[in-house]
Structures are given as structure tokens and as C-alpha cells.
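Chain residues, written in single-letter form:
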Amino acid sequence: MLKGKEIILGVTGGIAVYKAVELLRLLTKAGANVHVIMTRAATEFVAPLTFQTLSGRPVHTELFSLIQEQEIGHISLADRADLFVIAPATANFVGKVACGLADDLLTTAVMATKAPVLIAPAMNMNMYQNPIYRENEARLKKHGYLFVHPATGLLACGWEGEGKLPDPEVIFEEALAALTQKTLPEVRVVVSAGPTREAIDPVRYLSNHSSGKMGYAIAREAARRGAEVTLVTGPTALKVPAGVNVVRVESALEMRDAMLERAATSDIIIKAAAVADYRPRERFDQKVKKGDATLTLDLEKNPDILAELGSQKGERLLVGFAAETEALLENAEKKLREKNLDLVVANDVAAEGAGFHVDTNIVKFLYRDGRVEDLPLMSKDAVAAQILDRVEALYRTR
Ligand code: CTP
């Protein structure tokens, strides 16, 4: 994801320094080359050796160290960066940069860079609310500096409130978003994901093995690209991606209502949900007791949400999935035509490395003009990026 990206991780002195260690791990795992700069105060909390070992590079701490300056000078750090991430950022750091002060290695490098700077402040809640801090943050935002909103909770000082450093995953996601070109600015994207549950009685339901991973990955990638994303999701165990509006539903009928309502104000609809095709005709109010050796459930057909969206598509771009276990192209092509889609993402859910509970997928893209594209096995995140590349191209040439 971040292969070849040069990221400067600036660490300033606060109790949350330990979380920066995990952030470093996430960034390096995603393929980034991370160069760590620590302020002197930060080294009081966690030793530079920890960051050095995990980044595989020397940690920079001194502006006036002859050795460090000779190896990679502060201007060279500033120039090579694709992104600066400052986590945790103290009120002192924010204040200094807002005033144009550069009195240590980190503030000097930040002042000298043309790369985007993402600042994750962490401090006592009263400090965070202090009007001087607020002015400093507002001034930096005005000049294009990016901020991660702090989390609310129990602070190290014993107070409860806003000012905690968010989880490393949240900062990581915002770093990715900062590095992603905003190719879908303000475009309204609705994504559906996950399974639906069709109630039998108060304790039982019919459903399928969908994990929701594919739809969530698409929503996350669209948000990174600057889209206004709404995720209509059936029950899943997944975390809603940062910056995505969520609508939670259970049954196919609830998903239909949610999708039709959101579709009216959307530009692009991507339907990755595994909707149950049938629901029990009757939902029992009480738990069904066991009786005879066999039990017959009477099922009735659910509406085909995608087909309904296709019939009232207008100017919108409509993308569907085709989950097949046989005759993949033939069945997918039929869905493209019958549901009036612009693009079908077809996958053989029985193939190894594709399907429900794995993190990878193997897909084919089918277009209205008859074109078919074959993609190799790749992560669902990578498939999401490929889908959005195609969607963007189709959207531009609509
Ligand atoms: N879909 C839908 N509403 C349904 C069933 C499916 O909106 N009631 C959508 C899915 O979200 C997916 C596409 O239609 O984008 C294809 O779903 P799939 O399960 O592959 O096929 P079905 O249309 O249900 O047909 P079949 O089960 O016969 O393969």
C-alpha cells in the first residue's frame, strides 16, 4: 500500500509516545520507508533504540549532531519526504510551528518541507481547549496542515475528556488518506456490504457467509479518494472505515429501503452486499419449539435491490457483483444486462483465494461494451483500488 513512500514520523514528548511505536510498525508493514525524528522530550518516554530497531534506520534527534547531519541532513529529510506524520504532537510543538519557530531538528524539518504534514495532537483536555492552542491549530489548518482529531476518554493526567492520541490504526488511515490523490472530490458514493439476515423467529435467522470485507474495502478506498461515502451494511464484525457514514441494516427489506433512499442523492452506487434471495414468509413472534423430525420453512422471494436501482438509474453509475460457483462469465454477463449495470465485478466464490472469509479475491470486470478484464489474485484492498480506478474512468466519460 505504501511501497516506496518516504514518511517522516515526528515524535514529540508526551505519554502517548508508546502508541507511535505501533504506528511505526503499521507504516513499515505497509511498505513505507520511515525515518523517525524524536524531540529530546520524546526520548524521555521511549528510548530511540525501539524506533531504530523497528524502522531499521537510525533515529534522528539532534540538529547540531555532526554525525547525524552528515548522514542525512535535516533539509534532506525534509526534501525526501512524501509525508510528515507528527504523533503525538504536543501543544508546544503545534505552538512553535504556528509561530514559525524552528529551534530543534523536528520543527526545522517541518518548516523546511513541502510535503503534507499530518499532526496528531495529544494533551490534557484543558490544554486542548485553551484558546491559544485553538488559535495555533486553526492557523496551521489555514495553511494546509492536516490534523487528526484527538479521541475522547480517560487521559493520563486523570481527567476525562478530549485530548487522547487516537488509536494508531486511525492515524495510519489518515496518513494513507493524506497520501492518496483526491480523484473523487465530493462525489457521492453509496456502497452496500455484508450479508443480510432474514428472521425466522426472535432467536434464529437465515443468512450467508459474507464477511463484508470487500464492501468495506471499497468504502474505505473511496473515502481516501475524497468521496462522500455512505456504507449501507448488514451485520459484520468489521470496524467502519474513518470518514465513512454508516447505515446499519439487518434484512434485505431494510437494505432495500436504505439503498433506495440514499440512491436518490448519489452519483455512484456499488453493491457488494450478499443479499439473501429469500426470506421466511412468516416471522414467528415466539421461539419455534422443536417437534416433528422435519420442519419445512416457507420462503418468499426478496426484492432484487440492484435490479430496482438499475431500473431507475438515471445519470448514476451502477456497479454490481456477481458471486458465482459455475459459468462465471455467462452468469455475470446476464446480471450486467438484466440489472442495467455499468460494470460487474465477477468472482468465483468457490475458487481458492476468493470468496467470503479470506482477505484476497480473484475478479473479472465485465463492461457494457462487452470488454472483459481478468485480474490476478490480490488482496481485497487492492481489488477495491482496481474497482475504483475503473469506476473513476467510467464516471469521467459518462
Ligand atoms: N443483489 C441485490 N438484491 C438481491 C440479490 C442480489 O441487490 N436480492 C445484488 C448483489 O448485491 C450483487 C448482485 O445483485 O451486487 C448479484 O448478486 P448475486 O448473489 O451474485 O446474484 P443474484 O442476483 O442474487 O442471482 P443468483 O443468486 O441467482 O446468482
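Let me sum up the structure you'll find in this document. Nothing here was measured: the structure is a model prediction, and the numbers come from that model. (Residues numbered from 1 in each chain as written. Predicted model: local features only at pLDDT ≥ 70, side-chain atom pairs only at ≥ 80, totals over all residues. Heavy atoms only, no water.)

**As for the overall build of the chain**
Part 1 of the argument: Helices and strands together make up the secondary structure of the chain, namely 15 helices and 21 strands.
Part 2 of the argument: The C-alpha extent of the chain, read off along each of the three principal axes, is 80 × 50 × 40 Å.
Part 3 of the argument: Across the 398 residues in the chain, those meeting the buried criterion constitute 49%.
Part 4 of the argument: Within the chain, counting contacts between residues at least 6 apart in sequence, those at least 24 apart form 65% of the total.
Part 5 of the argument: For the chain, the exposed area adds up to about 19,500 Å²; of that, 51% sits on carbon and sulfur atoms.
Part 6 of the argument: Of the side-chain charges in the chain, 48 are positive and 52 negative, and the distance between the mean point of each set is 1 Å. (Helix = DSSP H or I, 4+ residues; strand = E, 2+ residues; numbered from the N terminus. Buried < 20%, exposed > 50% of the residue type's maximum accessible area, 1.4 Å probe, protein only. Contact = heavy atoms within 4.5 Å. Areas by Shrake-Rupley, 256 points an atom, 1.4 Å probe, with all protein chains shown as cover. Lys, Arg positive; Asp, Glu negative; His and termini not counted. Charge placed at Lys NZ, Arg CZ, Asp CG, Glu CD.)

**What to know about the sheet that holds strand β2 (residues 33-38)**
Part 1 of the argument: The five strands lie next to each other as β2-β1-β3-β4-β5, forming an open sheet whose pairing is parallel. Either end of the sheet is taken by a strand with one partner, and the two such strands are β2 and β5 (146-147).
Part 2 of the argument: In this structure, strand β1 (residues 6-11) lies alongside strand β3 (residues 83-89), joined through four bridges in parallel fashion. Pairing of glycine 10 across the sheet is with isoleucine 86, part of β3.
Part 3 of the argument: Packed onto the sheet, helix α7 (residues 105-112) meets β1, β2, β3 and β4 (117-121) and runs at close to 140° relative to β3. (Pairing = 2+ DSSP bridges. Axes fitted to C-alpha atoms, helices over the stretch in contact; angles between N-to-C directions.)

**Looking at the pairing of β3**
Part 1 of the argument: With respect to burial, β3 is a largely interior element, seven of its seven residues being buried.
Part 2 of the argument: Pairing of β3 with β4 involves four bridges; the strand directions are parallel. Among the inter-strand pairings, alanine 89 is bridged to a residue of β4, identified as proline 121.

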